[in-house]
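Fold and geometry: a report
Okay, here's what each chain looks like letter by letter:
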Amino acid sequence: MQAERGRSPIRVVVAKPGLDGHDRGAKVVARALRDAGMEVIYTGLHQTPEQIVETAIQEDADGIGLSVLSGAHLTLFQRLTDLLREREADDIVVFGGGIIPEADIAALARMGVARVFTPGASTQEIVGWVSAHLGEQAEGADSSVAQTAQTARAAQTGESAGTGESVEGTEASPA
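Attention here is on the structure that accompanies the text.

Cut-off values and rules
- Residues numbered from 1 in each chain as written.
- Predicted model: local features only at pLDDT ≥ 70, side-chain atom pairs only at ≥ 80, totals over all residues.
- Heavy atoms only, no water.
- Helix = DSSP H or I, 4+ residues; strand = E, 2+ residues; numbered from the N terminus.
- Buried < 20%, exposed > 50% of the residue type's maximum accessible area, 1.4 Å probe, protein only.
- Contact = heavy atoms within 4.5 Å.
- Pairing = 2+ DSSP bridges.
- Right-handed = clockwise from strand over helix to strand, strands pointing away.
- Salt bridge = Lys/Arg side-chain N within 4 Å of Asp/Glu carboxyl O.
- Polar contact = N/O pair within 3.5 Å; in protein donor to acceptor, adjacent residues only side chain to side chain.

**A short note on the side chain of Gln-47**
Tracing the chain through its elements places Gln-47 in the loop between β2 (39–42) and α2 (49–58). By relative accessible area, which is 15% here, Gln-47 ends up buried. Not counting residues up to four positions away in its chain, the partners in contact with Gln-47 are Lys-16, Pro-17, Gly-18 and Ile-52.

**Considerations on the pairing of β2**
One ladder, built from four bridges, connects strand β1 (residues 11–15) with β2; its direction is parallel. Counted as the bridge partner of Arg-11 is Glu-39 from β2. After leaving β1, the chain enters helix α1 (residues 24–35) and then returns to the sheet as β2, a path that is right-handed.

**Points about the pattern of salt bridges**
For the structure shown, the criterion picks out nine salt bridges. The salt bridge partner of Asp-20 is Lys-16, with a shortest N-O separation of 2.5 Å. Residue Lys-16 is classed as buried on the basis of its relative accessible area, which comes to 0%. Notably, a salt bridge pairs Glu-50 with Arg-79, separated by 2.8 Å at the nearest N-O pair. One end of the pair, Glu-50, is in helix α2; the other, Arg-79, is in helix α3 (residues 73–86), with 29 residues separating them in the sequence. What makes Arg-79 partly exposed here is its relative accessible area of 33%. Through salt bridges that share partners, Arg-11, Glu-39 and Glu-59 make up one connected network.

**Things to note about the side chain of Asp-20**
If you trace the backbone, Asp-20 turns up in the loop between β1 and α1. Reaching out from Asp-20, the side chain makes a polar contact with the backbone nitrogen of Leu-69 at a distance of 3.0 Å. Sequence-distant contacts of Asp-20, defined by excluding residues within four places in its chain, comprise Leu-45, His-46, Ser-67, Val-68, Leu-69 and Ser-70.

See the structure below:
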């Protein structure tokens, strides 16, 4: 679809960090993204945040999708987003899914996680969001991605990002 419009395909690293050994959902999401015309690099089970960030940088990824079912989501996402900042690769959009309590979604947004998909999210919803939020980055016009990053950074510093967007549901909101 994107190739027909002259764009580079969206490149996404799908990863299973930590000790979680359940990867069926990650594989379903990876397949749905591939079927939608995106380039997907699936890292496999038991990856460290360091391995995931290195893969994303080497593969010139537009985004990283983490699947976390272990309950270690706050620790794993924090380490990943810290590493992206340290490597000056925080333009890579981070999103994720899994067993993540609603109460933790705002904390993840403050870390820089752009979106969290909880159980029940459809593959169409995930593909649609990734297309809308990473598509601009793949074609070089990163205004939407920059706005997402600006919102996340503003949440960390307590400043207003000025986006005026109302975010509901599982959208990672810094509020």
